[in-house]
Amino acid sequence: MNPNHASGDHEHDRLPARLFFEAVEQSNVAISITDERANILYANPAFGRVTGYDPEEVIGGNESMLSDRNTPRIVYETLWARLLQGKAWRGVLVNRRQDGARYLAELTITPVKDDGGHTTHYVGMHRDVTEEHALAQQVRNQKALFETMVDTAPVIMALLDEDGTVVQRNQAYDALREALGGIEPAREFLTAARKSCGDHGQDGFRDCELRFDAGSGGTRWFSCSGVRFRERDTRADHFFEERRNAYLMLVASEITELKRRQEDVRVNALRALTAEEELVESVRETLAGAIYQLQGPINLIAAAANLLERRAAKDPGSASLLEALNQALGSGRQALETLYGSMPDELMEAEAPVNLNQVLRDVLGMLTGRLLATGVVVDWQPAPVLAPVLGREGRLRGMFKQLIENALDAVGTRGIAAPEIRITTTAGDGCVTVAVQDNGPGIPEALRLKVFEPFYTTKGSAGRRAGMGLPMVQEVMNQHSGTIEIDPQYGGGCRFCLHFPLPNHALPDHDARDTDTAA
Ligand code: FAD
């Protein structure tokens, strides 16, 4: 009697032995019983169906008749090593049917022991798992193929579970995370999507744009889409009661190059527009300056003619001089009329909310070539958030271009070792302040008002706008109800501070006074 059964009666002790035989005989699993050398003593009909052998004809034969050389020898050796330890073995072998066809056998061999614990027989049970294996391998192949495609795709991919945790990601995603110094890009993509597309709900979102300023690679732009999908839960608990887990697939592609090209096109268009505006403005300014300068002598001649007219009654001799003066006055006024008449119309531009950070960025973009050529370092420090001012964008662009070009001229002066221009924007006190600072020779205190007068220049007669730049800057600031001052506290060069009132705010009194003085 088996020692395991020694303790008493078991229900199965009362079952007829025939029942056990029939259970094995009718089983759908291929079952064989062998002696300790694997010689077959019994095989059930299912064994015949799986192997192709008639169960009767295999009796007396060895299980090795099923062996195929595609099974490595080490597998048999391991199998037998385990059996000889009295333990069961389970594994997969390549078997040959009677017709020579190969199949995969998922085999379990269990030793049958006598009362002394010695193996007397073996029971082998096996199933043909060729198809299952093929299907499983196909799934594995497809998974490997899919993973390779995802990994080598030039797009960033991440799969997020319901809690927003990244459960799968590709190499491009990892590379971006590394470039961002460990920031989880998925979180940034989702925040950007929420900002630009609202709550994306069940349907996901498409083509949300996002920029990253962090890292050494400068600004990088991405277009990101999110697709929601549900996958069936694979756990046993949900085999009958279906449960689906929700996921969000994030796909993002880098559009930095595209953005850069778009920006180049825009800056080039601005460059052309600004050049045209500058031409018109410079003609207007030159004529205005000429009128201003002509006005003085004409006023003098008029005053002299007036005086002489009063004297003419007493002194008839002065009549010819009076006539000459009146003639000079007439031609002077005629010349003034001609100058007024040839003044081109001011370019009309509607007032609109303008972001000064953007205007300055555009101007720096337009001046990139000159900045690179001169090797001047620009320290650009925009306020992270800047309220828009009400203004004329084109005029403001022209004005800042003038100021920065002046700064470039200043730092180009001989003897400036490390030429640098710093541009900052700040917000506060109901106004936006822009400071343009250079480390050039600066403007002496005595000239700080004079430089705003028409035709005053320290650069000699060079340049078509010589002496008209700062008056234009002043005029634009006046048009925008703003103020401009040369910072008296700054001694390392020259710093222009421009204050723009925000809509519904007036500038503090001292700033207004400074402007009046400067004007
Ligand atoms: P073999 O010379 O038979 O054996 C290969 C290695 O196994 C040798 O290194 C040898 O040392 C060792 N070995 C073989 N017989 C014994 C033994 N009696 N005692 C100790 N070591 C031994 N094989 C299949 O390929 N397909 C099957 O479906 C299959 N079912 C089996 C079912 C049962 C119940 C048992 C007990 C064995 C079964 N085997 C099966 C194993 C089979 O007996 C062979 O070992 C195997 O087929 C390799 O055969 P072979 O002629 O290539 O080499």
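Preceding block: the structure.
A few points on the structure.

The rules behind these values
Residues numbered from 1 in each chain as written. Predicted model: local features only at pLDDT ≥ 70, side-chain atom pairs only at ≥ 80, totals over all residues. Heavy atoms only, no water. Near = heavy atom within 4 Å. Polar contact = N/O pair within 3.5 Å; in protein donor to acceptor, adjacent residues only side chain to side chain. Areas by Shrake-Rupley, 256 points an atom, 1.4 Å probe, with all protein chains shown as cover. Helix = DSSP H or I, 4+ residues; strand = E, 2+ residues; numbered from the N terminus. Nonpolar A, V, L, I, M, F, W, Y, C, P; charged D, E, K, R; others polar. Pairing = 2+ DSSP bridges. Axes fitted to C-alpha atoms, helices over the stretch in contact; angles between N-to-C directions. Parallel < 35°, antiparallel > 145°, perpendicular 65-115°, else oblique. Left-handed = near helix turned anticlockwise from the far one by under 90°. Contact = heavy atoms within 4.5 Å.

### A look at the site of the ligand
Reasoning step 1: Surveying the vicinity of the ligand reveals 20 residues, the closest of which are E63, S67, R73, W80 and N95.
Reasoning step 2: Between the ligand and R73 there is a distance of 2.8 Å, counted from an oxygen atom to a side-chain nitrogen or oxygen.
Reasoning step 3: W80 places a side-chain nitrogen or oxygen 2.7 Å from an oxygen atom of the ligand.
Reasoning step 4: In isolation the ligand offers 900 Å² of accessible surface; the protein chains occlude 76% of this area.
Reasoning step 5: Those elements that provide at least two residues to the shell around the ligand are α4 (73-84), β3 (89-96), β4 (102-113) and β5 (119-128).
Reasoning step 6: Looking at which element gives the most residues to the shell around the ligand, the answer is α4, with 5 residues.
Reasoning step 7: Residue composition of the shell around the ligand, grouped by class: 9 nonpolar, 6 polar and 5 charged.

### Description of the sheet that holds β3
Reasoning step 1: Read across the sheet, 5 strands follow the order β2-β1-β5-β4-β3 without closing on themselves; strand pairing throughout is antiparallel. Each end of this open sheet is capped by a strand with a single partner; those strands are β2 (40-43) and β3. Direction aside, the axes of adjacent strands within the sheet are offset by 30° on average.
Reasoning step 2: The sheet contact formed by β4 and β5 spans 9 bridges and is antiparallel. Counted as the bridge partner of E106 is R127 from β5.

### A closer look at the packing of helix α10 (residues 356-366) against helix α12 (residues 393-411)
Reasoning step 1: Two elements in contact, α10 and α12, have axes whose closest approach is 9 Å; the angle formed by their N-to-C orientations is 55°. Accordingly, the angle class assigned to the pair α10 and α12 is oblique. Like other packed secondary-structure pairs, α10 and α12 cross with a definite hand, here right-handed. Within the contact between the two elements, α10 uses L356, V359, L360, D362, V363, L364 and M366 and α12 uses E393, L396, R397, F400, K401 and I404.
Reasoning step 2: Here the residues of the contact of α10 with α12 sort into 9 nonpolar, no polar and 4 charged.

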